[in-house]
Amino acid sequence: MRISRMAAIATAAVLAMSAAACGDGSDNAGGGGSADGIVGKAASGKLVIGVKSDQPGLGLQTGTTYEGFDIEVGKIVAKGLGLDPAKVEWKTTVSANREPFIEQGQVDLVIATYTINDDRKKKVAFGGPYYVAGQDLLVATASTITGPADLDGKKVCSVAGSTPAKRIKEEYPKIGLQEFDSYSKCVQALGTGQVDAVTTDDIILAGYAAQAEYAGKFKVVGKPFSKEPYGIGLKKTDTAGCKKINEILVAAVADGTYKAAWDSTLGKGGTPAPAGPTAADLANCPA
């Protein structure tokens, strides 16, 4: 009896070790079947997506409802993962907390005018890009400002933690940079004359300029001085999820849902839909 009991204990230990080893292999594979990966999260019936809440045409919150192109892209991804988009939980993010939210598991994805760059790729993975914008300036309609060179000694506003703010600091040190936690505050500051310009991606600025409350007051300079590839952020270890996002984006371009998402949001102002990403454009997932 003693020998049998010891044998049973030994067998149980071996089985436990085998199970643990299998579990480790799944995690190291990038979350392909893991509950920590977006494929597993969607299969469980829930997905939390971080989005902006103050960007007209892209990510704008009214009451409890979010709308805009980024929101529609989120719905496309959710549906492609097999989840009813109505079950997505939208969570407001700002530029400075996008990586922490992903790393801490507060969100599963971030789709929030999120520029792909090498510094961010050290912390998170990126599906996409699903759109390529360019940094520009929003100024008063009567302003003679035509680009960053005209802003020496003047004040420009951007969002703390954003790529546009970083570029101003590094490449245009003579410009006085005012930082807030949202672009809506920057636009308000422009309206009251506290700053001379607002800088971020051209499509974001166009959304603000088109708002009824600012009609005729502001203009986008129209001379982009960067390229900003917008990606879909997720955990750095979720390679399988990243590749799945790219498959979904390519399929959305092919079946017309990408264009429909644009036309129902940013396209309302008459801006034609971009061609959308191809498989060749989507090379940011971790190996």
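All values reported here derive from a predicted model rather than from experimental measurement.

A. Structural view of the layout of surface pockets. There is about 400 Å³ of room inside the largest pocket. Together, 16 residues line the largest pocket, and Pro56, Gly57, Thr265, Leu266 and Lys268 are the ones closest to its centre. Top contributing element to the lining of the largest pocket by residue count: helix 8 (residues 202–209), with 3 residues. Here the residues of the lining of the largest pocket are counted per class, giving 6 nonpolar, 8 polar and 2 charged. Space inside the second largest pocket adds up to approximately 220 Å³. Residue lining of the second largest pocket: 13 residues in total, with Lys75, Ile76, Lys79, Asp255 and Thr257 positioned closest to the centre. Contributing elements (two or more residues each) for the lining of the second largest pocket: helix 3 (69–80), helix 9 (239–255) and helix 10 (257–263). It is helix 3 that contributes the most residues to the lining of the second largest pocket, 5 residues altogether. By residue class, the composition of the lining of the second largest pocket is 7 nonpolar, 2 polar and 4 charged.

B. Summary view of the sheet that holds strand 5 (residues 88–92). Strand order in this open sheet of 5 strands is 5-1-6-13-7, and the pairing throughout is mixed. Each end of this open sheet is capped by a strand with a single partner; those strands are strand 5 and strand 7 (124–133). Averaged over all pairs of adjacent strands, the angle between strand axes in this sheet comes to 25°, irrespective of strand direction. Here 7 bridges tie strand 7 to strand 13 (residues 228–235), and the two strands are oriented antiparallel to one another. The partner of valine 132 across the bridge, within strand 13, is proline 229. Helix-sheet contacts for helix 8 involve strand 6 (109–115), strand 7 and strand 13, and the interaxial angle to strand 7 is about 60°.

C. Layout of the side chain of asparagine 284. In this structure, asparagine 284 sits in the segment after helix 10. On the basis of relative accessibility, which here comes to 17%, the residue asparagine 284 falls in the buried class. Polar contacts involving the side chain of asparagine 284 include one to the side chain of lysine 121, which spans 3.2 Å. A distance of 3.1 Å separates a polar atom in the side chain of asparagine 284 from the backbone oxygen of glycine 128. Apart from residues no more than four positions distant in its own chain, asparagine 284 is found in contact with Ile116, Lys121, Phe126, Gly128 and Pro129.

D. Summary view of the environment of isoleucine 168. Along the polypeptide, isoleucine 168 turns up in helix 6 (residues 163–171). Sequence separation between isoleucine 168 and proline 148 is 20 residues, and the spatial gap between their C-alpha atoms is 8.6 Å.

Reading the values: the criteria
- For every chain, the first residue of the written sequence is number 1, and numbering continues from 1 onward in sequence order.
- It should be noted that, the model being predicted, local features are given only for residues of pLDDT at least 70 and side-chain atom pairs only at 80 or more, the latter also being counted only at that level, while totals for whole chains, interfaces and linings use all residues.
- Side-chain calculation: all heavy atoms of the structure are included, whereas hydrogens and water are not.
- Definitions used throughout: a 1 Å grid over protein atoms alone; a cavity as a set of points that fits a 1.4 Å probe which cannot get out; a pocket as an open set with protein on both sides within 12 Å along at least five of seven lines; a lining residue as one with an atom within 4 Å of a point.
- Grid points are joined across faces, edges and corners, and a volume is the space filled by probe spheres set on the points.
- For helices the rule is a DSSP run of H or I covering at least 4 residues; for strands it is a run of E covering at least 2, with both sets numbered from the N terminus onward.
- Each residue receives one of three labels: charged for Asp, Glu, Lys and Arg, nonpolar for Ala, Val, Leu, Ile, Met, Phe, Trp, Tyr, Cys and Pro, and polar for the others, Gly being one of them.
- A pair of strands is considered paired only if DSSP assigns at least 2 bridges between the two.
- The axes are straight lines fitted to the C-alpha atoms, using for helices just the contacting stretch, and the angles between their N-to-C directions are given from 0 to 180°.
- It only takes one pair of heavy atoms within 4.5 Å for two residues to be counted as in contact.
- Working definition: with a 1.4 Å probe on protein chains only, accessible area under 20% of the residue-type maximum means buried, over 50% means exposed, and in between means partly exposed.
- A 3.5 Å cut-off defines polar contacts: any pair of N or O atoms within that distance qualifies, except that in protein one atom must be a possible hydrogen donor and the other a possible acceptor, and neighbouring residues in sequence count only when both atoms are side-chain atoms.

Just geometry here; none of it tells us what the structure is for.
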